[in-house]
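Geometric and topological summary
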Amino acid sequence: MADKEAEFRQQFHDAFKGADYPVSNPMDLVPALPNGPGTRFEAGDTSFTAMELSTKMNDSQDFPYENVDALVDDLIEGMKRKDML
């Protein structure tokens, strides 16, 4: 599990670090994604697009985010609560 968490953490950081922070909603993150909402995140046997992640995490995120680390931390914690990790 820890390896999968580390993989997702790195992928999220790489994908979202280029956003124009602070971000106030998920749509503010789309321009930073290399393939837009279709950007795929994969670790082990778990795979989903940025759009799927946004849909699953809509109740786990606390916008606005001032920086990429705060966003990634919330995403990882939300995935843990939803048994995605």
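That block above? That's the structure.
Scope of this entry: the structure provided in the associated data block. A quick note: this is a predicted structure, and the numbers were derived from the prediction, not measured.

All chains considered together, the criterion is met by six salt bridges. With a shortest N-O distance of 2.7 Å, aspartate 73 and arginine 9 are connected by a salt bridge. With aspartate 73 in helix H3 (residues 68-81) and arginine 9 in helix H1 (residues 2-16), this residue pair connects regions lying 64 residues apart in the sequence. On the basis of relative accessibility, which here comes to 27%, the residue arginine 9 falls in the partly exposed class. Across the pair lysine 80 and glutamate 77 runs a salt bridge whose closest N-O atoms are separated by 3.5 Å. Remark: glutamate 77 and lysine 80 occur in helix H3; sequence separation between them is three residues, near one turn of the helix. Given the relative accessible area of 36%, glutamate 77 is considered partly exposed. Each of the salt bridges in this network shares a partner with another, and the network as a whole consists of Glu5, Arg9, Asp73, Glu77 and Lys80.

Turning next to the pairing of strand S2 (residues 46-49). Bridge count between strand S1 (residues 40-43) and S2: four bridges; the pairing is antiparallel. In the strand pairing of S2, arginine 40 is matched with threonine 49. What sits between S1 and S2 in their antiparallel hairpin is a turn of two residues, with glycine 44 showing a positive phi close to 60 degrees.

Bringing the nonpolar core into the picture now. In this structure, Phe8, Phe12, Phe16, Tyr21, Phe41, Phe48 and Met79 are the most contacted members of the largest nonpolar core, which totals 24 residues. When contributions to this core are tallied by element, the ones reaching two or more residues are H1, S1, helix H2 (50-57) and H3. No other element matches H3, which puts six residues into this core. Every residue in contact with phenylalanine 16, bar those within four places of it in the chain, is listed here: Tyr21, Leu29, Leu33, Phe41, Val68, Leu71 and Leu75.

Looking now at the packing of H1 against H3. A pair of packed helices is captured by two measures, namely the crossing angle of their axes and the spacing between those axes. Contact geometry for H1 and H3: axes closest at 10 Å, N-to-C directions at 140 degrees. Judged on the interaxial angle alone, H3 and H1 are oblique. Between H1 and H3 lies a crossing of right-handed hand. Every residue of H3 that contacts H1 at Glu5, Phe8, Arg9, Phe12, His13 and Phe16 is listed here: Val68, Asp69, Leu71, Val72, Asp73, Leu75, Ile76, Met79 and Lys80.

For the rest of this paragraph, the subject is unusual backbone geometry. Of note, the amide linkage connecting tyrosine 21 to proline 22 takes the cis form, showing an omega dihedral of 0 degrees. If you trace the backbone, proline 22 turns up in the loop between H1 and S1. For the bond from phenylalanine 63 to proline 64, the omega torsion is 5 degrees, close enough to zero to count as cis. Of note, proline 64 is situated in the loop between H2 and H3.

Rules and cut-offs
Residues numbered from 1 in each chain as written. Predicted model: local features only at pLDDT ≥ 70, side-chain atom pairs only at ≥ 80, totals over all residues. Heavy atoms only, no water. Salt bridge = Lys/Arg side-chain N within 4 Å of Asp/Glu carboxyl O. Helix = DSSP H or I, 4+ residues; strand = E, 2+ residues; numbered from the N terminus. Buried < 20%, exposed > 50% of the residue type's maximum accessible area, 1.4 Å probe, protein only. Pairing = 2+ DSSP bridges. Core = buried A, V, L, I, M, F, W, Y, C linked by side-chain atoms within 4.5 Å. Contact = heavy atoms within 4.5 Å. Axes fitted to C-alpha atoms, helices over the stretch in contact; angles between N-to-C directions. Parallel < 35°, antiparallel > 145°, perpendicular 65-115°, else oblique. Left-handed = near helix turned anticlockwise from the far one by under 90°.

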